[in-house]
Amino acid sequence: AASPVASRRGGRMTARLVSVGNALIDLALDVPHLPARGGDVRGRSRGLHAGGAANVLLAARRQGLPAAYAGAHGTGPLGDRVRALLAAEGVEVLLAAHPDLDTGVDVAFTEPDGERSFATAFGAEGELDAEALAAIAIGDDDLVHVSGYGLLDATNGAVLAPWVTGLPERATVLLDPGPLAVAERPAALDAVLARADWVSASLAEALALSDEREPEAATRALASRDRGAIVRLGPEGCLVAVCGSVERVAGFAVEQVDATGAGDAHLGAFAAALARGEAPARAARIANAAAAIAVTRPGPATAPTLAEALALAGG
């Protein structure tokens, strides 16, 4: 099921994006360079923003796709902020807050050229309850977003792997492996990869996952007869593989300010385009446009609206 068909009733889209990823808070800092070990640098705070899976959900909502968060979240100021940011953009929160833990935080360091580095401290989002998750109803038209951060042995891998593999066949699973899961290769990652309908990865992740040295070969290796793959190439756009065929979809020339959240904007826009019934290459072009716009804006939660993405993508 590499490309779901858009489902509408009475002119209303019935598909939605349901994320079981890790929604946390990003503390965004501009720094002249990363500090040396034992050192310090003077930075500038860009404040607290929705991060992780929250960014993917916000990106999808701005592209017109209904969205819901089925991951864990905490009791405390950070959990309150995640819920408020999701609610402000119409993202439904499906589970009750963890009674004893607050949501985690990710510190995003952005250097002058726009490159970013991260340090993550997991909180309640890494303590997903299997019984609560089992009560979530996933429809045949739904797209389910799974983040590699949630598949780690230290987070929710033991809970998510059996849940994802037991999803309805028609539900579309989108896997974003992420750097930590690629490095650690937990068993849950392989289990979810076998069920995934789409894998969306950075080039570095794709090369590491596939053990290939060339981008096209890595993209082809991530795909299968029943699974599509999209590999993000930064300013150069992306590669899309469907049924063994790899297509390069060009990016857009923009002045990068902050690359934080670009991959999330790309995935959210790609999911929304698939749900509308766009062909994979067209969905990838719209996703490239969304990511290009996002990097021109400071901060992680900068995904554009559908109108903005279509204006750049060409209709």
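The shown structure was predicted, so the numbers you read here are calculated from the model rather than taken from an experiment. (Residues numbered from 1 in each chain as written. Predicted model: local features only at pLDDT ≥ 70, side-chain atom pairs only at ≥ 80, totals over all residues. Heavy atoms only, no water.)

Student: Which parts of the structure should I look at to understand the pairing of strand S4 (residues 23-30)?
Tutor: Most of S4 is tucked away: 6 of the 8 residues are buried. In the sheet, S4 pairs with strand S8 (residues 105-110) via 6 bridges, with the strands oriented parallel. Paired with Ile25 across the two strands is Val105, which belongs to S8. (Buried < 20%, exposed > 50% of the residue type's maximum accessible area, 1.4 Å probe, protein only. Helix = DSSP H or I, 4+ residues; strand = E, 2+ residues; numbered from the N terminus. Pairing = 2+ DSSP bridges.)

Student: Just checking my understanding: could you explain the side chain of Asp197 for this structure?
Tutor: Structurally, the position occupied by Asp197 is in the loop between helix H6 (187-195) and strand S12 (198-202). When its relative accessible area of 5% is taken as the criterion, Asp197 is described as buried. Polar side-chain contacts of Asp197 include one of 2.8 Å to the backbone nitrogen of Val173. (Polar contact = N/O pair within 3.5 Å; in protein donor to acceptor, adjacent residues only side chain to side chain.)

Student: Got a minute to help me understand the pairing of strand S11 (residues 172-176) in this structure?
Tutor: Consecutive side chains of a regular strand alternate in pointing toward one face of the sheet and then the other. In terms of residue burial, S11 counts as a mostly covered element, since 5 of its 5 residues are buried. Two elements, strand S10 (residues 143-147) and S11, share 5 bridges in a ladder whose sense is parallel. Bridged to Val146 within S11 is Leu175. Considered for its hand, the β-α-β crossover made up of S10, helix H4 (residues 157-165) and S11 is right-handed. Across 2 bridges, the pairing between S11 and S12 is parallel. In the strand pairing of S12, Leu175 is matched with Val199. (Right-handed = clockwise from strand over helix to strand, strands pointing away.)

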